[in-house]
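# Residue-level structural notes
Take a look at the letters that make up each chain.
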Amino acid sequence: MLSQLSRLSVEADGRYASAAELLFLKDYFQSLNYRISAYKKIQASEKEIISQVEAQMQSLDPTLFRRGSQDVTAKWRVDALRVLRHSAAALLINDTERLRDRLLLWFQTILGAFQAKNSSSVTYDVMKKVIKQHLTAEEASLFLPILEIDRSILGK
């Protein structure tokens, strides 16, 4: 939304915005209660979400948290929590462009350097399943596309 507002302020400079240009605001305000509710639920259960994702990933493939002989589980937790928090913020303000530009593209480079893209892809596939247990269908419908953006950028 912040990116859209910024773009609108440039595009409509010196004139009134059209109804079509303002449509994103209407859509945002119609979904605001779901966004706030989902944000609060994710905030309250972030540790449980990360623990559930970790456990499911361990059961799928215990080597996902290994880089050679090194256990990177603690680092994975920090990174997954960081992305979850930023993704929840993107949900709240409806701004995936900001999420992509300020975190995901930078983090994609880091993960590539550490050869962790496979575990990232699995992380966000599993996280989508876990999130469905914590959110209503309406809330999940707003948040799951953001997790798919996380997976598609970080899992490349």
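Procedures and definitions
- Residues numbered from 1 in each chain as written.
- Predicted model: local features only at pLDDT ≥ 70, side-chain atom pairs only at ≥ 80, totals over all residues.
- Heavy atoms only, no water.
- Phe/Tyr/Trp six-rings, centres within 6.5 Å; stacked < 30°, edge-to-face > 60°.
- Helix = DSSP H or I, 4+ residues; strand = E, 2+ residues; numbered from the N terminus.
- Buried < 20%, exposed > 50% of the residue type's maximum accessible area, 1.4 Å probe, protein only.
- Core = buried A, V, L, I, M, F, W, Y, C linked by side-chain atoms within 4.5 Å.
- Contact = heavy atoms within 4.5 Å.
- 1 Å grid on protein atoms, 1.4 Å probe; cavity = no way out; pocket = protein on both sides within 12 Å on 5 of 7 lines; lining within 4 Å.
- Points joined across faces, edges and corners; volume = space filled by probe spheres on them.
- Nonpolar A, V, L, I, M, F, W, Y, C, P; charged D, E, K, R; others polar.
- Salt bridge = Lys/Arg side-chain N within 4 Å of Asp/Glu carboxyl O.
- Polar contact = N/O pair within 3.5 Å; in protein donor to acceptor, adjacent residues only side chain to side chain.

## Observations regarding the packing of aromatic side chains
Under the defined criterion, the tally for this structure stands at 3 aromatic pairs. Ring geometry for F65 against W76: centres 5.0 Å apart, planes inclined by 75°, an arrangement best described as edge-to-face. On the criterion of sequence distance, the pair formed by F65 in the loop between helix 2 (19-60) and strand 1 (66-67) and W76 in helix 3 (residues 73-93) is long-range, its members being 11 residues apart. Take F65 and W76: they sit in the same class, and that class is buried.

## What about the nonpolar core?
In terms of nonpolar packing, the biggest core is built from 36 residues, with I42, M127, I131 and F143 touching the most fellow members. Counting residues per element, the ones that place at least two in this core are helix 2, helix 3, helix 4 (96-113), helix 5 (117-134) and helix 6 (137-154). By residue number, the principal contributor to this core is helix 3, which donates 8 residues. Setting aside its immediate chain neighbours within four residues, I42 contacts I49, L84, A88, L91, I131, L135 and F143. Formed by 6 residues, the second largest nonpolar core is a distinct cluster that contains L8, F24, L25 and Y28.

## What to know about the layout of surface pockets
The gaps of empty space that remain are located by a probe, the size of a water molecule, rolled over the atoms. Empty space within the largest pocket amounts to approximately 280 Å³. Together, 18 residues line the largest pocket, and K75, W76, D79, L111 and A116 are the ones closest to its centre. Among the secondary structure elements, those contributing two or more residues to the lining of the largest pocket are helix 3, helix 4 and helix 5. Among the residues making up the lining of the largest pocket, the classes are represented as 11 nonpolar, 4 polar and 3 charged.

## What about the pattern of salt bridges?
According to the stated counting rule, one finds 12 salt bridges in the structure shown. Linking D125 and R151 is a salt bridge whose minimum nitrogen-to-oxygen distance equals 3.6 Å. Here the residue D125 occupies a position in helix 5, and R151 occupies one in helix 6, the gap between them amounting to 26 residues. On the basis of relative accessibility, which here comes to 22%, the residue R151 falls in the partly exposed class.

## A closer look at the side chain of S45
Along the chain, the position of S45 falls in helix 2. Looking at S45, its side chain comes within polar contact range of the main-chain oxygen of K41, at 2.6 Å.

## A short note on the side chain of S121
Structurally, S121 can be placed in helix 5. The residues touching S121, leaving out its near neighbours within four places in the chain, are R151 and G155.

## Overview of the environment of Q133
In this structure, Q133 sits in helix 5. Its relative accessible area of 54% is what places Q133 among the exposed residues. Measuring from C-alpha to C-alpha, the distance between Q133 and A116 comes to 26 Å, with 17 residues separating the pair along the chain. With residues near it in sequence (within four places) discarded, Q133 still touches Q52 and Q56.

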